[in-house]
Structure formats: structure tokens, C-alpha cells
Amino acid sequence: MTIDWAGLRRIIADHRSYILTTHIRPDCDAIGSTLALSHILRQLGKETVCLTDFEVPPNLKFLDPSGEIHRLGHPRTEEWRASADALVVLDTSAWAQLGDMADFLRDFPRTKIVLDHHVSQDDLGTQFFKDTQAEATGRIVAELARELEVPLDPVSAKLLLAALATDTGWFRFNSVRADTFSLGARLVSAGVRPDELYRDLYENERLGRFRLAGRAMHRAETELDGRLIHTYLIHDDFAETGAIASDSEDIVNTTLTVSGTQFAVILVEHTPGRFKVSFRSRCHVDCSRLAAEFGGGGHKAAAGATVLGSLKDARAKVLDAVRKSLQQ
């Protein structure tokens with residue numbers, strides 16, 4: 001899909017105040033894109049508020065040092081709803097990923113748009129501005145800044161490089177192309193320090209996350225001649241290791257470092273009987289299609305869904321679907 005930049009520019013020109021939101025269990029693309037767009041719109045004299053159904057994870061608070069992201073239920077929520085001219089959803093096109101912001105989106109009576117790069121899409125009742133070839137939603141926000149003739153500064157550049165670098169696995173995924181590095185160069189030229197960003201992202205680990213990852217690694221199993229690797233975390237693991245929900249992010253990517261693996265799956269029980277399933281592929285299997293079987297979505301190489309039930313039943317359903325896809 002290509003973005004109607006002229007249409008998006010008109011929307012921004014015609015609206016003064018915005019609520020910006022993104023998906024639950026946020027990553028750097030979600031947070032970075034949302035805060036960067038807020039910063040860019042404010043440079044145009046617009047009013048913005050970032051309102052989500054999550055608390056910013058401790059490991060990503062460095063992206064929001066002043067606490068610009070507010071949680072739904074904030075005392076001013078209704079005031080913001082009443083005064084905003086437009087609502088922008090970033091980095092998701094799925095109802096299930098919005099948490100309680102889904103109802104907020106349904107009830108919002110004025111202009112609603114989505115900026116996203118994921119292939120899968122629900123009918124959110126919005127105007128969609130999507131580029132499924134974009135490496136990250138941060139790419140779309142960076143291009144929007146160029147369309148609006150807003151120069152990138154060190155603040156927006158840091159947020160957008162965090163989005164771009166993490167959604168490309170620090171420039172190692174197959175979504176990376178020559179233009180990815182061109183955008184990276186633009187962001188570095190705007191004043192962001194990649195070495196400082198890397199330290200903030202990867203060299204401030206919590207002990208609880210280490211212990212949680214250890215449990216997932218210990219439980220990892222391979223099959224189909226080593227092509228498939230899968231593991232799981234249960235609800236009690238978080239309390240027992242001192243971990244928090246966001247500490248499970250990216251563990252699935254680590255499992256793909258095992259030699260010979262082509263597809264990885266992790267089931268994470270954040271609440272009893274409710275498993276977040278993450279799929280990762282470096283073969284012919286399309287993760288987004290697999291995730292869609294369970295009501296989820298994402299990209300060909302990375303996607304996710306939610307599965308209800310016991311660990312035994314959830315693993316059986318998910319792994320049966322994965323085995324079938326790998327054997328085709």
C-alpha cells in the first residue's frame with residue numbers, strides 16, 4: 001500500500017488538536033513513533049496528547065523522560081476526548097492490540113486515522129495511511145515530517161532511530177534495504193547518538209528479565225530436524241523471577257539464534273489462561289497468516305496473537321498449526 005500524502009497533509013492542515021495512541025505491550029516503534037509524531041505536530045503549532053492503555057515499561061522510560069504518555073483513565077481523559085479534533089492510531093491496525101483504547105476509538109466522534117506498516121488490518125472505522133513495505137511505523141512518521149517540511153531535531157531523531165533500529169533487529173532483518181540506511185543517516189545527521197541509544201536499549205537490563213529469559217531458554221525445544229524452536233512462560237514465572245510483563249519482549253528473537261532454526265514460537269501467559277503468542281520466521285512460512293488463524297496479525301517475518309486456554313491446549317493448537325505450515 002502507498003500512502004496518500006496529499007490527503008494526510010490536508011487532514012493535518014485542517015485539524016488543530018490530536019489524541020495519539022498506540023498498541024498495548026508497546027515496543028520502541030510504538031512509543032518512538034507516537035512521541036515523535038507528537039513532537040512534529042507541536043512544531044506546527046498543533047496541540048497533542050498521547051493517551052494509551054499501558055504504563056511505559058521501565059526499560060523504555062528513557063524515550064519518555066518527561067512522562068508525555070498518559071494512561072487511559074487519567075483525570076483529564078474526558079476533557080481531552082471532548083476537545084480533540086482528531087484521533088491518530090500508530091503502529092497497529094488491530095482491535096485486540098488497543099486494549100481499552102478500542103472502546104475509546106469506537107466512541108470517538110470526529111476524525112480518526114491510522115498510521116501503520118503492518119499487513120493485517122481490522123475495520124477500525126478510520127482512514128488508513130499504511131505502507132506495508134516500511135520497516136517501521138517510524139519510517140512513516142519520518143517521511144511525514146519531510147512532507148510537512150518539519151526538520152528533524154535530536155529529540156525526534158532519537159525517537160525515530162529507536163523505532164527503526166529495533167523493528168529491523170538493529171538493521172539485520174530482511175526488511176532492511178539501502179534506503180533504510182539512508183534514513184538512519186538522516187537521523188544521525190539530525191543529532192542522535194547511535195552508541196548512546198544502543199546503551200539505553202541493551203545495556204540497562206534488569207535482573208528479573210535475565211532470570212525470566214533463562215526460564216524460557218531452559219524450556220526451549222526443537223523439532224522438525226531443528227527447523228522449529230518453541231518455548232513458553234507461565235504466569236507464575238514473572239513473580240518468581242521478579243520480572244514484569246514487558247520483560248518477555250524479544251525473547252523469541254533470541255531463540256532464533258540457535259543454529260539450524262527457521263521458525264520460532266513463544267507462548268507467554270501474562271494473565272492466567274491467556275497466552276500471547278509470538279511467531280518469528282526466516283523461511284517460507286508467513287507469520288501473519290499463522291497469526292490470523294488465531295485472530296492476530298503482523299508481518300510475514302514477525303506476528304502475534306492471543307490464545308485462550310490451558311498451557312497444554314494452547315501449545316497444542318499453536319504448534320499443530322506451525323508444524324502444518326512448515327511441512328507444506
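It should be noted that the structure appears before, not after, this text.
Residues numbered from 1 in each chain as written. Predicted model: local features only at pLDDT ≥ 70, side-chain atom pairs only at ≥ 80, totals over all residues. Heavy atoms only, no water.

Draft legend 1. The overall build of the protein chain, seen in detail. Per the secondary structure count, the protein chain includes 13 helices and twelve strands. For 328 residues, the compact-globule estimate of 2.2 N^0.38 gives 20 Å, and the C-alpha radius of gyration of the protein chain, at 19 Å, lies within 12% of that figure. Projected onto its principal axes, the C-alpha coordinates of the protein chain cover approximately 55 × 40 × 40 Å. The buried share of the protein chain, reckoned over its 328 residues, is 52%. Put simply, of all contacts in the protein chain between residues at least 6 apart along the chain, 65% involve residues at least 24 apart. (Helix = DSSP H or I, 4+ residues; strand = E, 2+ residues; numbered from the N terminus. Rg over C-alpha atoms; globule rule 2.2 N^0.38 Å. Buried < 20%, exposed > 50% of the residue type's maximum accessible area, 1.4 Å probe, protein only. Contact = heavy atoms within 4.5 Å.)

Draft legend 2. Just the nonpolar core, in detail. Leu37, Leu115 and Leu187 are the most contacted members of the largest nonpolar core, which has 47 residues in total. Top contributing element to this core by residue count: helix H2 (residues 28–43), with seven residues. Beyond its immediate sequence surroundings of up to four residues, Leu187 is in contact with Leu152, Ala157, Leu160, Leu161, Leu164 and Val192. Grouped together as the second largest cluster of nonpolar side chains are 22 residues, Cys287, Leu290, Val318 and Ala321 included. (Core = buried A, V, L, I, M, F, W, Y, C linked by side-chain atoms within 4.5 Å.)

Draft legend 3. The packing of helix H6 (residues 154–167) against helix H7 (residues 178–189), seen in detail. At a closest axis distance of 9 Å, the pairing of H6 and H7 adopts a crossing angle of 155°. As the angle between them shows, H6 and H7 are arranged roughly antiparallel. Classified by chirality, the crossing of H7 by H6 is left-handed. Each of Ala157, Leu160, Leu161 and Leu164 in H6 lies in contact with H7, whose residues at this interface are Thr180, Leu183, Gly184 and Leu187. When its residues are assigned to classes, the contact of H6 with H7 shows six nonpolar, two polar and no charged. (Axes fitted to C-alpha atoms, helices over the stretch in contact; angles between N-to-C directions. Parallel < 35°, antiparallel > 145°, perpendicular 65-115°, else oblique. Left-handed = near helix turned anticlockwise from the far one by under 90°. Nonpolar A, V, L, I, M, F, W, Y, C, P; charged D, E, K, R; others polar.)

Draft legend 4. Highlighting the pairing of strand E2 (residues 47–52). Most of E2 is tucked away, with five of its six residues classed as buried. For the handedness criterion, the β-α-β arrangement of strand E1 (residues 17–22), H2 and E2 is classed as right-handed. (Right-handed = clockwise from strand over helix to strand, strands pointing away.)

Draft legend 5. Region of interest: helix H1 (residues 5–14). For H1, the complete set of buried residues consists of Gly7, Leu8, Ile11 and Ile12. What you see down the axis of H1 is that its buried residues fit within an arc of 135°, all on one side. Relative to its buried face, H1 has exposed residues pointing more than 90 degrees away, namely Arg10, Ala13 and Asp14. Where H1 is buried, its residues meet E1, H2, strand E5 (111–116), strand E6 (127–130) and helix H5 (137–147). (Arc of directions from axis to C-beta.)

Draft legend 6. Fine view of the sheet that holds strand E12 (residues 302–308). Taken together, the six strands give an open sheet; going across it, the order is E7-E8-E9-E10-E12-E11, and neighbouring strands pair in mixed fashion. The open sheet has two edge strands, strand E7 (221–223) and strand E11 (297–298), and neither has a second partner. Pairing analysis gives two bridges linking E11 to E12, with the strands arranged antiparallel. Opposite Gly298, over in E12, you have Ala303 as the bridge partner. (Pairing = 2+ DSSP bridges.)

Draft legend 7. Seen up close, the packing of aromatic side chains. Taken as a whole, this structure holds seven aromatic pairs when the rule is applied. A ring pair is formed by Trp170 and Tyr198, whose centres lie 5.2 Å apart and whose planes are at 80°; its orientation type is edge-to-face. Of this pair, Trp170 sits in the loop between H6 and H7 while Tyr198 sits in helix H8 (residues 194–202); the two residues are 28 residues apart in sequence, bridging distant segments of the chain. One aromatic cluster in this structure is built from Trp170, Phe171, Phe181, Tyr198 and Tyr202. (Phe/Tyr/Trp six-rings, centres within 6.5 Å; stacked < 30°, edge-to-face > 60°.)

Draft legend 8. Representation of the sheet that holds strand E3 (residues 69–71). Strand order in the open sheet formed by six strands is E3-E2-E1-E4-E5-E6, and the pairing between neighbours is parallel. The open sheet has two edge strands with one neighbour each: E3 and E6. Along the sheet, successive strands turn relative to each other by an average axial angle of 30°, direction set aside. With three bridges connecting them, E2 and E3 associate as parallel partners. Each bridged residue has a counterpart across the sheet, and for Thr52 the counterpart in E3 is Arg71. Against the sheet, H5 contacts strand E4 (86–90) and E5, and its axis sits at roughly 115° relative to E5.

Draft legend 9. Molecular detail of the pairing of E4. The buried fraction of E4 amounts to five of the five residues, a majority that puts the element mostly inside the structure. Side chains of E4 alternate between two faces, with Ala86, Val88 and Leu90 and Leu87 and Val89 buried alike. As defined by bridge partners, E4 adjoins E5 across five bridges and the pair is classed as parallel. Pairing of Leu90 across the sheet is with Leu115, part of E5.

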